Amino acid sequence: MKDAAPQTIYLDQYTPPPFLVDKVHLTFRLEPEKTRVVSKIEFRPNPVSRNREFFLNGEDLTLIRAAVNGEAITPEIDEHGLRCAVPEGPFTFEAEVEINPADNTALEGLYMSSGMYCTQCEAEGFRKITYYPDRPDVMAPFDVRIEGPHPVLLSNGNPGKIGDGFAEWHDPWPKPAYLFALVAGELVNHPGRFTTKSGRDVELNIWVRPGDEGKCAWGMESLIASMKWDEEVYGREYDLDLFNIVAVDDFNMGAMENKGLNIFNSSCVLASPETSTDANFERIEAIIAHEYFHNWTGNRITCRDWFQLCLKEGLTVFRDAEFTSDMRSEPVKRISDVIALRARQFREDNGPLAHPVRPQSFVEINNFYTATIYEKGAELIRMLKILVGDAGYKAALDLYFKRHDGDAATIEDWLQVFEDATGRDLGQFKRWYEDAGTPRLTVRERWQNGTFTLDFAQHTPPTPGQTDKPPRVIPIAVGLLGPDGDEMQATQVLEMTQEQQSFSFEGLGARPVPSILRGFSAPVILERDTSDAERAFLLAHDTDPFNKWEAGRALARAGLMRMMRDGAPADQAFLDAVRAMIQDKTLDPAFRALALSLPSQDDLAQALHDAGDTPDPQAIWQALETLRQAMAEKMQDIAPGLYAEFQITEPYRPDAAQSGARALANAALGLITRLDGGALAQTQYDMADNMTQQLAAYSCLLQADKGETATQAFYNQWSHDRLVLDKWFMLQIVHAAPEQAAEVTDRLTRHPDFSMKNPNRFRATLGALTMNAAGFHHASGRGYALLADWLIRLDPLNPQTTARMCSAFETWHRYDAGRQAQIKAELDRILATPGLSRDTTEMVSRIRGA
């Protein structure tokens, strides 16, 4: 258990490590409760450090023996690590420790999952394995020997000697300890091969529990596609003879990029048409690409300290988004990414958990694996590419790989290569890394004598610890449409660098309709007075796919706001526009399916709050239900035709074409179900031969309150499959009526298949409650109390998952006084829990202090 009153760590207090490591030798003698770890580490003084105190991080370790240069020592040990005297020059430190993987429910360090040994060392898990300078700027090659009665013994790098009860591994590439990995157990492999462009033959394996080998083909296909894409687009080859992926059931994160031995949450690698949806396949493809791309942007070049986390994560998220765009639909990918950004990161930026992309301080680094670090960090890379152009971006990345290969780099290093490669001054751009908050970009228009002028102003609201924020450079992609819908001005990127700035377009024959922030060229909130008529015009005519979709979303939001405020009926202009769009055969079916989606409950709550209103979760839910019913009635004559048109008779493939067709057909099914009571959905459920179709039908039946029979049938069919059963838990809660959501969740936590020790199952159940916004925020407060109860229970076992799920409470300040009081009471109850972890204490304190 971590201490609840820890020290705050600050970026400006960084000092280089006093000692560097030339070589690490590790021997593991595996036993569930008494694993022995023998380490032999070759140190030398760091010439750039004046500090000569020898300190090694270590937590929850039992020291058996220690030696320096072969002579036994008795070091000073406390709860954080080990200290001892060392020689002035190079020396070898040896230690033997005992650890208890079977008792490690926090899933950090070495632990057990379904009888398998596995590790998770990012960010600071290696200190739970042995004593070591557990910081990312200490990099060394590792030799590892694993001893145990297990048929498969894996670690980083290339294999060495393998014999009865042991295996040796050598990783020649220097790496920080957070990239160390070990897996041991009864596993079977799905093999593959890849030949790099320079001719290296690479052996590929996906290792799984017996019985899961039939769910590996898509993961292997995605891995090979990722390796090929990284060579073609970034010129990055793989650098070992072997690449292993292991699927693990109990895992706090999605996956981990350990050098040569990626460890994946099983939900992020296992897939089959019968058990996985199209969305699952796409997510697996993206996550496998993300972790593979880390081989260069994260492993070969890592981060100097954890404040630079966005350097590896933001860049790699951007790279995996590029990959998915190339594999699938670029517009649909962009829209999906912005939906997620606004739902998670804008919410974070607007609340008590707001922090810069590069934080200035932290208490627990695990709490900063956030949407700001990942998704907003990727948006910064995207803006850089827009500003310097494709050629400038390529030149900068080539220089980055050449200059910093083998380095632990910083944001300053990253920006410097762009300055050196392009000649641009990026001093102002750096504000994006240093200042929290989402900039508001307001715009006014002027038209005179053929000249159209856009007057922009930018400001960023205060965030915790930051008030005055200078203007940032904002790339604003703009196009102009004529009154007839034709494009008068192709997309042009305007660079805004001042607090207020105007841009003019001359020589125009008629007043244009501006299309602003095309492609969502910057992560800002655009504030512009516009009419429903203009939104409908852009929805019909805009040539930019993102802004076409954005116009429809804005039209829906405006109508819903009137419904909530004034009791207005569903907006006919929106219904007419969407009806026209979904019949437009020139548009991608996946895009048309997105056009049928509505703003989320959380999106609408924030919009009301920003407008000075107090959101009523029940009223938001009711307005959405009313609009969905109106859409069903408006489309009742065309929805059956759409549904029939996009039925697929060919064998299942999770590619963009089939996925888009199923998405549009199932969107039509959702409309039909509101009018036929679930008859067609039941037919689809009974006939479905893949999980996408079965789950879509099951969701429709639950929404129609006709899901009781399907719920039991689904459980009977899939109770043996842990990942499919996660879907069963989640959907019952997500689709529960608001007044029943807490009751349904509570009932499912009592189900024999519920386990809070498995992060996937816990998130599928308690996380689903928070996704049912009207249910979680029900006026009774039952949702708040139930989540707090379970977080208090989980914290002693898994502080990391507990802390992350506390973010469900972060928007408490936007609700009415009654709900605020209820949430604060639950936060106070959590904080009063004896022995509360460092992770959860920090998160709840930040939320409560808003």
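A few points on the structure. Keep in mind that this is a model prediction, so the values were computed, not measured. (Residues numbered from 1 in each chain as written. Predicted model: local features only at pLDDT ≥ 70, side-chain atom pairs only at ≥ 80, totals over all residues. Heavy atoms only, no water.)

Along its length, the protein chain carries 26 helices and 31 strands. In terms of C-alpha radius of gyration, the protein chain reaches 27 Å, essentially the compact-globule figure of 29 Å for 850 residues. Overall size of the protein chain, expressed as C-alpha extent along the three principal axes, is 85 × 65 × 60 Å. Considering the protein chain as a whole, with its 850 residues, one finds that 60% of them fall into the buried category. Long-range pairs, those at least 24 residues apart, make up 70% of the contacts in the protein chain with a sequence separation of at least 6. About 31600 Å² of surface is accessible on the protein chain, with carbon and sulfur atoms providing 50% of the total. (Helix = DSSP H or I, 4+ residues; strand = E, 2+ residues; numbered from the N terminus. Rg over C-alpha atoms; globule rule 2.2 N^0.38 Å. Buried < 20%, exposed > 50% of the residue type's maximum accessible area, 1.4 Å probe, protein only. Contact = heavy atoms within 4.5 Å. Areas by Shrake-Rupley, 256 points an atom, 1.4 Å probe, with all protein chains shown as cover.)

For phenylalanine 452, the location among the structural elements is in strand S26 (residues 451-459). Judged by relative accessible area, phenylalanine 452 falls into the buried class, the value being 0%. Considered as a pair, phenylalanine 452 and aspartate 603 are 151 residues apart in the sequence and their alpha carbons are 32 Å apart. Sequence-distant contacts of phenylalanine 452, that is, excluding residues within four places in its chain, are made with Glu445, Arg446, Trp447, Leu480, Phe503, Ser504, Phe505, Leu508, Arg511, Pro512 and Pro514.

The full count for this structure, using the stated rule, is 47 aromatic pairs. Arranged with centres 5.3 Å apart and planes meeting at 75 degrees, the rings of phenylalanine 54 and phenylalanine 91 form a pair that is edge-to-face. Pair noted here: phenylalanine 54 is in the loop between strand S3 (35-45) and strand S4 (55-57) and phenylalanine 91 is in strand S9 (residues 91-99), with a separation of 37 residues, a long-range link. Neither residue differs from the other here; phenylalanine 54 and phenylalanine 91 are each classed as buried. Aromatic side chains tryptophan 218 and phenylalanine 281 sit 5.6 Å apart centroid to centroid with 80 degrees between the ring planes, which places their arrangement in the edge-to-face category. On the criterion of sequence distance, the pair formed by tryptophan 218 in helix H1 (residues 217-234) and phenylalanine 281 in helix H2 (residues 278-293) is long-range, its members being 63 residues apart. In terms of burial, tryptophan 218 and phenylalanine 281 fall into one category: buried. (Phe/Tyr/Trp six-rings, centres within 6.5 Å; stacked < 30°, edge-to-face > 60°.)

Take the packing of helix H19 (residues 722-734) against helix H21 (residues 759-771) next. Contact geometry for H19 and H21: axes closest at 8 Å, N-to-C directions at 15 degrees. As the angle between them shows, H19 and H21 are arranged roughly parallel. Along this stretch, H19 crosses H21, giving a crossing that reads as right-handed. Mapping the contact onto sequence places Arg722, Leu723, Leu725, Asp726, Phe729, Met730, Ile733 and Val734 in H19 and Asn760, Arg761, Ala764, Thr765, Ala768, Leu769 and Met771 in H21. Residues belonging to the contact of H19 with H21 are distributed by class as follows: ten nonpolar, two polar and three charged. (Axes fitted to C-alpha atoms, helices over the stretch in contact; angles between N-to-C directions. Parallel < 35°, antiparallel > 145°, perpendicular 65-115°, else oblique. Left-handed = near helix turned anticlockwise from the far one by under 90°. Nonpolar A, V, L, I, M, F, W, Y, C, P; charged D, E, K, R; others polar.)

Those residues of helix H16 (residues 679-687) not exposed but buried are Ala681, Gln684 and Tyr685. Take H16 and look down its axis: the buried residues cluster within an arc of 100 degrees, on one side only. In this structure, H16 carries Asp686 and Met687 as exposed residues pointing more than 90 degrees from its buried face. Elements that come into contact with the buried residues of H16 comprise helix H14 (639-645), helix H15 (656-676), helix H17 (691-703) and helix H18 (708-718). (Arc of directions from axis to C-beta.)

With that settled, the discussion passes to the sheet that holds strand S5 (residues 62-68). For sheets, the rule is that strands pair by backbone hydrogen bonds, running either parallel or antiparallel. Spatially, S6-S5-S9-S3-S2-S12-S15-S14 is the arrangement adopted by the eight strands of the open sheet, whose pairing is mixed. Of all strands in the sheet, those with a lone pairing partner are strand S6 (71-72) and strand S14 (158-163), marking the two edges. The pairing of S5 with S9 spans six bridges and is classified as antiparallel. Residue pairing in the sheet places valine 68 in a bridge with phenylalanine 93 of S9. (Pairing = 2+ DSSP bridges.)

Secondary-structure assignment places glutamine 820 in helix H25 (residues 817-831). Within the structure, glutamine 820 has its side chain in polar contact with the backbone oxygen of histidine 813 (distance 3.1 Å). Once residues within four sequence positions are removed from consideration, glutamine 820 is found in contact with Trp812, His813 and Tyr815. (Polar contact = N/O pair within 3.5 Å; in protein donor to acceptor, adjacent residues only side chain to side chain.)

For the rest of this paragraph, the subject is the pattern of salt bridges. Inspection of every chain in the model, using the stated rule, returns 73 salt bridges. Where lysine 394 meets aspartate 398, a salt bridge forms, and the shortest distance between an N and an O atom there is 2.9 Å. On the criterion of helical spacing, the pair formed by lysine 394 and aspartate 398 is a turn pair, its members being four residues apart in helix H5 (residues 371-404). Residue aspartate 398 is classed as partly exposed on the basis of its relative accessible area of 32%. The salt bridge involving arginine 535 is made with aspartate 532; its shortest N-O contact spans 2.6 Å. (Salt bridge = Lys/Arg side-chain N within 4 Å of Asp/Glu carboxyl O.)

Think of a ball as big as a water molecule: rolled over the atoms, this probe shows where empty space is left. Counted by the stated rule, this structure contains three cavities of 30 Å³ or more. Approximately 70 Å³ is the volume attributed to the largest cavity. The wall of the largest cavity is formed by Leu539, Trp549, Gly552, Arg553, Ala556, Phe574, Val578, Met581, Leu594, Ala595, Ser597 and Leu598. Residue assignment for the lining of the largest cavity shows that the elements contributing at least two residues are helix H9 (545-566), helix H10 (572-582) and helix H11 (589-595). Looking at the lining of the largest cavity element by element, the count peaks at four residues for H9. For the lining of the largest cavity, the residue count by class is nine nonpolar, two polar and one charged. (1 Å grid on protein atoms, 1.4 Å probe; cavity = no way out; pocket = protein on both sides within 12 Å on 5 of 7 lines; lining within 4 Å. Points joined across faces, edges and corners; volume = space filled by probe spheres on them.)

On to the environment of cysteine 84. One can find cysteine 84 in the loop between strand S8 (81-83) and S9. On the basis of relative accessible area, cysteine 84 is assigned to the buried category, the value being 17%. Cysteine 84 sits 446 residues away from threonine 530 along the chain, and the two C-alpha atoms are 68 Å apart.

A few words on unusual backbone geometry. Of the consecutive residues glutamate 122 and alanine 123, the connecting peptide bond is found in the cis state with omega at 5 degrees. Checked against the element boundaries, alanine 123 lands in the loop between strand S11 (116-120) and strand S12 (140-147). Even without being a glycine, asparagine 69 presents a positive backbone phi close to 55 degrees. Checked against the element boundaries, asparagine 69 lands in the loop between S5 and S6. Judged by relative accessible area, asparagine 69 falls into the partly exposed class, the value being 43%. Positive phi, close to 70 degrees, is recorded for leucine 517, a residue that is not glycine. For leucine 517, the position within the fold is in the loop between strand S30 (513-516) and strand S31 (525-527).

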